[in-house]
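Architecture at a glance
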Amino acid sequence: MSSAASPRTGFASTLVQKGALLFGIVFLIVGIAGFIPGLTMDMGTLSFAGNSSMAMLLGLFQVSVLHNIVHLLFGIVGLLAARSAAGSRSYLLVGGIIYAVLFVFGLFVANMAGAANFVPLNSADNVLHALLAVAMILLGVLLPRAGRTVR
């Protein structure tokens, strides 16, 4: 029995792959929910991009069409990444870094007018992005690698 990590494992067969799959599914659900009246309040104000969209997912998180599409894309990438341990680890780490950048972006740009503020963000979004960044990076770093043997 080899203790070397195999570059390709079965779909979602390792913990890191299960982590990527879980995040992928959650992002898909959130992306879809952003387009469903009742789950998203003030759908009449949903704009493609910019901070003028006052649509609120679950009455809490400010969303736009672009914001929802990004969630859907993150979900699809998570499902695809779950096919391999290396892809899953990369998805969690890179995704976590992207959400960390988005958190910092939200702190400085969210309340500004102009073209720089192309994603509607509020305080709830900023807190969620910080939590996502920490969770994804920690899972990407801490979940065991495929094929490692424990002695």
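Residues numbered from 1 in each chain as written. Predicted model: local features only at pLDDT ≥ 70, side-chain atom pairs only at ≥ 80, totals over all residues. Heavy atoms only, no water.

Regarding its fold elements, the chain presents four helices and three strands. Element order for the chain, N to C, with α for helix and β for strand: α-β-β-β-α-α-α. Out of the 151 residues belonging to the chain, those deemed buried represent 41%. Sequence-distant contacts in the chain: of pairs separated by 6 or more residues, those separated by 24 or more amount to 63%. (Helix = DSSP H or I, 4+ residues; strand = E, 2+ residues; numbered from the N terminus. Buried < 20%, exposed > 50% of the residue type's maximum accessible area, 1.4 Å probe, protein only. Contact = heavy atoms within 4.5 Å.)

Moving on: the UniProt feature "transmembrane region" (unreviewed entry) in the chain. Under the local residue numbering, the UniProt record ascribes the feature "transmembrane region" (unreviewed entry) to residues 20-39, 59-80, 92-115 and 127-146. In residues 20-39, helix accounts for 70% and strand for 0%; the two terminal C-alpha atoms are 25 Å from one another. (UniProt positions renumbered as here; feature names shortened; annotations may be inferred.)

Bringing helix α3 (residues 85-109) into the picture now. An α-helix turns once every 3.6 residues. As a result, residues three or four positions apart point the same way. If you check α3, its first and last C-alpha atoms are 35 Å apart, about what 25 residues at 1.5 Å a residue would give, namely 36 Å. All buried positions along α3 are accounted for by Ala85, Ser88, Arg89, Tyr91, Leu92, Gly95, Gly96, Tyr99, Phe105, Gly106 and Val109. Where α3 is buried, its residues touch α1 (15-33), α2 (65-81) and α4 (123-142). (Expected span 1.5 Å × (residues − 1).)

One can describe the packing of α3 onto α4 by two numbers: an axis separation of 7 Å at closest approach and a directional angle of 155°. Between α3 and α4, the crossing angle belongs to the class labelled roughly antiparallel. As for the relative orientation of α3 and α4, their crossing is left-handed in sense. Among the residues making up the contact of α3 with α4, the classes are represented as 16 nonpolar, six polar and one charged. (Axes fitted to C-alpha atoms, helices over the stretch in contact; angles between N-to-C directions. Parallel < 35°, antiparallel > 145°, perpendicular 65-115°, else oblique. Left-handed = near helix turned anticlockwise from the far one by under 90°. Nonpolar A, V, L, I, M, F, W, Y, C, P; charged D, E, K, R; others polar.)

This paragraph deals with the layout of surface pockets. Of the voids in this model, the largest pocket is the one considered here, and its volume is about 210 Å³. Around the largest pocket, the lining is made up of 15 residues, and of these Val30, Leu57, Phe61, His71 and Leu128 lie nearest the centre. Counting residues per element, the ones that place at least two in the lining of the largest pocket are α1, β3 (61-62), α2 and α4. In the lining of the largest pocket, the residues fall into ten nonpolar, four polar and one charged. Computed from the structure, the second largest pocket encloses a volume of approximately 170 Å³. Around the second largest pocket, the lining residues are Leu66, His67, Val70, His71, Phe74, Ile98, Tyr99, Leu102, Phe118 and Val119. Those elements giving two or more residues to the lining of the second largest pocket turn out to be α2 and α3. For the lining of the second largest pocket, the leading source of residues is α2, giving five residues. Of the residues belonging to the lining of the second largest pocket, the class tally is eight nonpolar, two polar and no charged. (1 Å grid on protein atoms, 1.4 Å probe; cavity = no way out; pocket = protein on both sides within 12 Å on 5 of 7 lines; lining within 4 Å. Points joined across faces, edges and corners; volume = space filled by probe spheres on them.)

Attention now moves to the packing of aromatic side chains. This model, assessed by the stated rule, comprises five aromatic pairs. Between the aromatic rings of phenylalanine 74 and tyrosine 91, the centroid separation amounts to 6.4 Å while the plane-to-plane angle is 55°, which identifies the pairing as tilted. Of this pair, phenylalanine 74 sits in helix α2 while tyrosine 91 sits in helix α3, and the two are 17 residues apart along the sequence. By relative accessible area, which is 7% here, tyrosine 91 ends up buried. Joined through ring pairs, the aromatic side chains of Phe23, Phe27, Phe74, Tyr91 and Tyr99 make up one cluster. (Phe/Tyr/Trp six-rings, centres within 6.5 Å; stacked < 30°, edge-to-face > 60°.)

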